[in-house]
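Report on the structure
The chain contents come next:
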Amino acid sequence: MIGPQTLVFLLIGASILLILVVVIRPSITASREGKIIAFLALFIVPLVAAGIGASEHMERSEQTQFCLSCHIMEPYGRSLYVDDPAYIPAAHFQNHRIPPDKACYTCHTDYAMFGTIHAKLEGLHHVYVDWFGTPMNPIRLYQPYNNRECLHCHSGARSFEDSPTHTAMMGDLKSNKISCTTSGCHDTFHNVNQLGHVKFWKPTE
Amino acid sequence: MLRKLRLSGILLILGLMVEALSLCWNNALSFMSFVVVGGIFFASGILLFLYSLVSSNEANS
């Protein structure tokens, strides 16, 4: 089965061959058919190839490996392997409560209209700051973590809904009056400054 | 016009090659090279092609 990446490479190869025809023999544009070939080769096909390439890059930018490719994010990647269920990201990652290959994106995107676009723009900002500016030390979220991101998965889940504590404060959780992450209930996150003092989980091959 | 078509084709080939290369890796650098370098080649190639159409029409009229 041909994967999407192979298809992109095939399309790129075909586009280059088509363009080469026009580059080597531009005189073909004297005829009507030649004009059509030139229009396809120099306008339509490159647009399609660039669009598919951009889509592939967007898809890849959601992967954990992509986020961790920046040196500054390395400890955050390590924190996903902390052997302590109190570490919320590690527990979610290790128990596949989130897709492990999209771990960062799943929790740090906005589950709102245009949330994906917002997350991508923030990602571009991260890259800009990492290369041309001075990143925050320690890294902090731009805005407080929104309960909406937790409730996107947990709302409606039996283990969450059956908890009398959650039920009693559901309204406040939904309106962000009480934070899931900072009100003392689930407040252990990446804690990268503590990574020297914790045990790590080693996944079996 | 033919020269512009050639140049436009070469720019687009360069853009496509940058795209192909950028897809060989999965990191921020490859993404940015696709967006910035590839984007410049693609945009200039396509705009030059469109300009060649307009300028040839002007010459004909």
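For the structure, check the block above.
This write-up is about the structure you can find in this document. Everything numeric in this text was worked out from a predicted model, so none of it was measured. (Residues numbered from 1 in each chain as written. Chains lettered and ligands numbered in written order. Predicted model: local features only at pLDDT ≥ 70, side-chain atom pairs only at ≥ 80, totals over all residues. Heavy atoms only, no water.)

1. Let's talk about the overall build of chain A
A tally of helices and strands in chain A yields eleven helices and zero strands. Along chain A, from the amino end to the carboxyl end, the secondary structure elements read α-α-α-α-α-α-α-α-α-α-α. In terms of overall size, chain A is more extended than a compact globule, its C-alpha atoms giving a radius of gyration of 24 Å where 205 residues would be expected to give roughly 17 Å. With the principal axes as the frame, chain A shows a C-alpha extent of 75 × 40 × 40 Å. Long-range pairs, those at least 24 residues apart, make up 56% of the contacts in chain A with a sequence separation of at least 6. (Helix = DSSP H or I, 4+ residues; strand = E, 2+ residues; numbered from the N terminus. Rg over C-alpha atoms; globule rule 2.2 N^0.38 Å. Contact = heavy atoms within 4.5 Å.)

2. Focus on the interface of chain B and chain A
Counting residues at the interface gives 28 residues for chain B, matched by 36 residues for chain A. Per-residue buried area on chain B facing chain A is highest for B:Leu23, B:Asn26 and B:Phe31; these three make up 26% of the total on that side. The tally of links from chain B across to chain A stands at eight residue pairs in polar contact (both at pLDDT 80 or more). Those elements that provide at least two residues to the side of chain B that touches chain A are helix H1 (2-22) and helix H2 (28-60) of chain B. (Buried area = accessible area lost by both parts, 1.4 Å probe. Polar contact = N/O pair within 3.5 Å; in protein donor to acceptor, adjacent residues only side chain to side chain.)

3. Details of the packing of aromatic side chains
Per the stated rule, a full pass over the model turns up seven aromatic pairs over all chains. Plain terms: the ring middles of A:Phe66 and B:Phe31 are 6.1 Å apart, the flat faces sit at 85° to each other, and that makes the pair edge-to-face. Taken together, the residues A:Phe66 in helix H3 (residues 64-67) and B:Phe31 in helix H2 connect one chain to another. Residue classification places A:Phe66 among the buried residues on the basis of a relative accessible area of 12%. Residues A:Trp131 and A:Phe132 carry aromatic rings whose centres are separated by 6.4 Å and whose planes lie at 80° to one another, so their mutual orientation is edge-to-face. Exposure remark for A:Trp131: the relative accessible area of 37% places this residue in the partly exposed category. (Phe/Tyr/Trp six-rings, centres within 6.5 Å; stacked < 30°, edge-to-face > 60°. Buried < 20%, exposed > 50% of the residue type's maximum accessible area, 1.4 Å probe, protein only.)

4. Examining the packing of helix H1 (residues 4-24) of chain A against H1(B)
Interaxial distance between H1(A) and H1(B) falls to 9 Å at its minimum, and their mutual angle equals 165°. Comparing the axis directions of H1(A) and H1(B) gives the class roughly antiparallel. Where H1(A) crosses over H1(B), the handedness of that crossing is left-handed. The segment H1(A) lies against H1(B), with A:Val8, A:Phe9, A:Ile12, A:Ser15, A:Ile16, A:Ile19, A:Leu20, A:Val23 and A:Ile24 engaging B:Arg6, B:Gly9, B:Ile10, B:Leu12, B:Ile13, B:Leu16, B:Met17, B:Glu19 and B:Ala20. Partitioned by chemical class, the residues of the contact of H1(A) with H1(B) number 14 nonpolar, two polar and two charged. (Axes fitted to C-alpha atoms, helices over the stretch in contact; angles between N-to-C directions. Parallel < 35°, antiparallel > 145°, perpendicular 65-115°, else oblique. Left-handed = near helix turned anticlockwise from the far one by under 90°. Nonpolar A, V, L, I, M, F, W, Y, C, P; charged D, E, K, R; others polar.)

Interpretation note: all reported values are geometric properties and have no functional meaning in isolation.
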